[in-house]
Amino acid sequence: TASPAPRHITEANMPNCSHYMPDSERFKTTSSMSSIFAVPDHRSPQMEDTMRKHARSEFRVERIRERQREFSERSHASNEATREFDELKVARKALNQFNYERKCRMSCA
């Protein structure tokens, strides 16, 4: 069975090695990483999981906001089209009434 090479442990002090880790990375402890004064480290697995979780939830929230925005735009466009159609319907009705009255006057005269 293939097991991962522990070279970063055995040869950690060789800067040319592909697994080289600086001392600040090698000697991290849970207490120093979890300290209230510690800077969040995006390379720690807990922080990666937390960042991934927040990114996922932020993506979902943005997607919901985008859908609501699109829905409100469509609703606004639909309401505008309905209002315009109703105005034109009233105008067509008035024009038809005017033409009818004009034809009646012309036939009576």
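Just so we're clear, the structure is a prediction, and the values are computed from it rather than from any experiment.

Right, let's get into the overall build of the chain. Scanning the chain for helices and strands turns up four helices and zero strands. Order of helices (α) and strands (β) in the chain, N terminus to C terminus: α-α-α-α. As presented, the chain carries roughly 10200 Å² of accessible surface, and 58% of it is formed by carbon and sulfur atoms.

What follows concerns the pattern of salt bridges. Here the structure, examined in full by the defined rule, presents six salt bridges. With its nearest N and O atoms 4.0 Å apart, the salt bridge here joins Arg52 to Glu48. One end of the pair, Arg52, and the other, Glu48, are both in helix α4 (residues 45-108), four residues apart, so they sit about a helical turn from each other. According to the relative accessible area criterion, Arg52 is partly exposed, its value standing at 43%. On the accessibility criterion, Glu48 (34% relative accessible area) is partly exposed. The partner of Glu66 in a salt bridge is Arg69, and the shortest N-O contact between them spans 2.5 Å. With Glu66 and Arg69 both in helix α4 and three residues apart, the pair spans about one turn of that helix. The class for Arg69 is partly exposed, based on a relative accessible area of 38%. One salt-bridge network, held together by shared partners, links Glu48, Asp49 and Arg52.

For Met47, the location among the structural elements is in helix α4. If sequence neighbours within four positions are ignored, Met47 has contacts with Pro40, Asp41 and His42.

A cluster of basic residues, Arg56, Arg60, Arg63, Arg67 and Arg74, forms a positive patch on the protein surface. Arg67 gets classed as exposed once you look at its relative accessible area, which sits at 63%.

When pLDDT is averaged along the chain, the result is 82, and 79% of the positions lie at 70 or above. When mean pLDDT is compared element by element in the chain, α4 scores highest at 92, while helix α1 (residues 7-10) scores lowest at 55.

Quick notes on the rules
- Counting of residues starts from 1 at the beginning of each chain's written sequence and follows it residue by residue.
- Owing to the predicted nature of the model, reporting of local features is limited to residues with pLDDT of at least 70; listing and counting of side-chain atom pairs is limited to 80 or more, with chain, interface and lining totals taken over all residues.
- With hydrogens and water set aside, each side-chain value is computed from the structure's full complement of heavy atoms.
- The secondary structure listing takes helices from DSSP runs of H or I that are at least 4 residues long and strands from runs of E that are at least 2 residues long, numbered from the N terminus.
- Using a 1.4 Å probe, accessible areas were evaluated by the Shrake-Rupley method; residue-level cover was limited to the displayed protein chains.
- A pair is scored as a salt bridge if a Lys or Arg side-chain nitrogen falls within 4 Å of a carboxyl oxygen belonging to Asp or Glu.
- The rule is simple: take the accessible area with a 1.4 Å probe, protein chains only, and divide by the maximum for that residue type; under 20% is buried, over 50% is exposed, in between is partly exposed.
- Residues are treated as being in contact if the distance between any of their heavy atoms lies within 4.5 Å.
- Within this analysis, patches are made of residues with over 30% relative accessible area and no salt bridge. Like charges are joined at 9 Å or less; nonpolar side chains (Val, Leu, Ile, Met, Phe, Trp, Tyr) at 5 Å or less.
- Under the convention used here, Asp and Glu are negative, Lys and Arg are positive, and both His and the chain ends fall outside the count.
- Where a charge lies is defined by one atom per residue type: Lys uses NZ, Arg uses CZ, Asp uses CG and Glu uses CD.
- pLDDT gives the predictor's per-residue confidence on a scale running from 0 to 100.

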